[in-house]
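What the coordinates show
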Amino acid sequence: MRSDPSEYELVAPGSLRAVVSLLASEPGAWLPIAGGTDLMVLYAAGKLSARKLVSIWNLPELRAIEVLPGEIRIGAGCTYTDLRRNDIVAREFPLLASAAAWTGGIANQNRGTLGGNIINASPAADSLPALLVYGATLVLVSARG
Ligand SMILES: Cc1cc2nc3c(=O)[nH]c(=O)nc-3n(C[C@H](O)[C@H](O)[C@H](O)COP(=O)(O)OP(=O)(O)OC[C@H]3O[C@@H](n4cnc5c(N)ncnc54)[C@H](O)[C@@H]3O)c2cc1C
């Protein structure tokens, strides 16, 4: 590890509402951390410049896969394992299920989230082509709505 943990602050407010209000209270100061599979690589390499991290891991508001008439809503906090194990995703969106199964190893699939993959925006990201092909719509939230 090339980072000193004492230089970092991590808070876990426990609800999406509390997270967005913290983000709004100090714009640009706090960085969300979900599964941490991208951010912890930066941390271990001594390259994580953000010093204040707010955990959004396992927030119930972000961890659901809802089935609605004609569409499904996948929470940004759903992991690859959540996607792999969902019958509707497997049946109706097989490319997304395959992308989830191809991403990293089992440990990575248990922590890495769909939202993190989108925001990390790597040109090699596996879920992004599937979301593009299926015409996915992103729903963004802030303290103002
Ligand atoms: C060993 C290993 C193997 C990997 N293999 C693959 C692979 O095969 N294919 C692939 O595509 N990726 C791979 N990855 C990359 C990584 O696992 C994915 O990008 C993962 O989806 C990131 O999600 P996370 O929740 O861990 O993100 P984090 O590391 O928590 O966050 C990543 C970024 O996204 C932001 N963020 C996260 N969630 C949200 C949100 N809901 N709203 C706003 N911002 C958010 C964070 O602030 C941060 O900037 C691999 C990583 C590792 C370490």
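Check the entry above for the structure.
Here the residue numbering is sequential within each chain, running from 1 through the sequence in written order. Selection of residues for local features in this predicted model requires a pLDDT of at least 70, selection of side-chain atom pairs for listing and counting requires 80 or more, and totals for whole chains, interfaces and linings are taken over all residues. In computing side-chain properties, one takes all heavy atoms of the structure into account and sets aside hydrogens as well as water.

1. So, the nonpolar core
For the purposes of this section, nonpolar cores are sets of buried Ala, Val, Leu, Ile, Met, Phe, Trp, Tyr and Cys residues that join through side-chain atoms within 4.5 Å. Whether a residue is buried, partly exposed or exposed follows from its accessible area with a 1.4 Å probe, protein chains only, as a fraction of its type maximum: under 20%, in between, or over 50%, in that order. If you look at the biggest cluster of nonpolar residues, it comprises 12 residues: I65, I72, C78, Y80, L83, V89, L96, A97, A100, L114, A130 and L131. Comment: elements are numbered from the N terminus, with helices defined as DSSP H or I runs of at least four residues and strands as E runs of at least two. Mapped onto this core, the elements with two or more residues apiece are α3 (80-84), α5 (94-102) and α8 (127-133). The element that contributes the greatest number of residues to this core is α5, accounting for three residues. Not counting residues within four places of it along the chain, the set of residues in contact with V89 comprises I65, I72, L83, P94, L96 and A97. Among the nonpolar cores identified, the runner-up in size contains 10 residues, and L16, V19, V54 and L59 belong to it. Two residues form a contact once any of their heavy atoms are found within 4.5 Å.

2. Topic: unusual backbone geometry
Its identity is not glycine, yet N58 carries a phi of approximately 65 degrees, on the positive side. Mapped onto the fold, N58 is located in the loop between β3 (52-55) and β4 (65-68). Residue class for N58 comes out partly exposed when judged on its relative accessible area of 43%.

3. Details of the environment of N110
Here N110 shows up in helix α6 (residues 106-111). For the pair N110 and Y80, spaced 30 residues apart in the sequence, the C-alpha separation amounts to 6.5 Å. Setting aside chain neighbours within four positions, we find N110 in contact with W57, T79 and T81.

4. Remarks on the site of the ligand
When at least one non-hydrogen atom of a residue lies within 4 Å of a molecule or strand, that residue is treated as near it. P32, T37, D38, Y80 and T113 are the nearest of the 25 residues found near the ligand. One of the backbone N or O atoms of G35 is found 2.8 Å from an oxygen atom in the ligand. Polar contacts, as used here, are pairs of N or O atoms within 3.5 Å; protein pairs need one atom able to donate a hydrogen and one able to accept it. Residues neighboring in sequence count only if both atoms are side-chain atoms. One nitrogen or oxygen atom from the side chain of D38 is found 2.6 Å from an oxygen atom belonging to the ligand. Contributions of two or more residues to the shell around the ligand are made by β2 (30-33), α2 (39-44) and α7 (114-120). Note on residue categories: nonpolar means Ala, Val, Leu, Ile, Met, Phe, Trp, Tyr, Cys or Pro, charged means Asp, Glu, Lys or Arg, and polar means any other residue, Gly included. Residue composition of the shell around the ligand, grouped by class: 12 nonpolar, 11 polar and two charged.

5. Considering a nonpolar patch on the surface
Taken together, the side chains of L95, V133 and Y134 make up a nonpolar region of the molecular surface, amounting to roughly 250 Å² of accessible area. If you trace the backbone, V133 turns up in helix α8. Assessed through its relative accessible area of 58%, V133 is described here as exposed. Distance thresholds for patches are 9 Å for like charges and 5 Å for nonpolar side chains (Val, Leu, Ile, Met, Phe, Trp, Tyr), applied to residues having over 30% relative accessible area and no salt bridge. All accessible-area figures derive from a Shrake-Rupley calculation using a 1.4 Å probe, and residue coverage is judged against the displayed protein chains alone. Here a salt bridge means any side-chain nitrogen of Lys or Arg lying within 4 Å of a carboxyl oxygen belonging to Asp or Glu.

6. Considerations on the packing of aromatic side chains
By convention, a stacked pair of Phe, Tyr or Trp rings (six-membered ring in the case of Trp) has centres within 6.5 Å and planes under 30 degrees apart, an edge-to-face pair has planes over 60 apart, and any other such pair is tilted. Following the criterion strictly, the structure yields two aromatic pairs and no others. Judged by centre distance (5.0 Å) and plane angle (85 degrees), the ring pair of F93 and Y134 falls under edge-to-face. With F93 in the loop between α4 (87-92) and α5 and Y134 in the segment after α8, the pair connects residues that are 41 residues apart, well separated along the chain. The class of F93 is partly exposed, set by a relative accessible area of 21%. Put simply, a charge is over a ring when the Lys NZ or the Arg CZ is close to the ring centre, within 6 Å, and near the line of the ring normal, within 35 degrees. Geometry around W57 places R63 over its ring, the cationic atom sitting 5.1 Å from the centre. Lying over the aromatic face of W57, R111 brings its terminal NZ or CZ to 4.0 Å of the ring centre.

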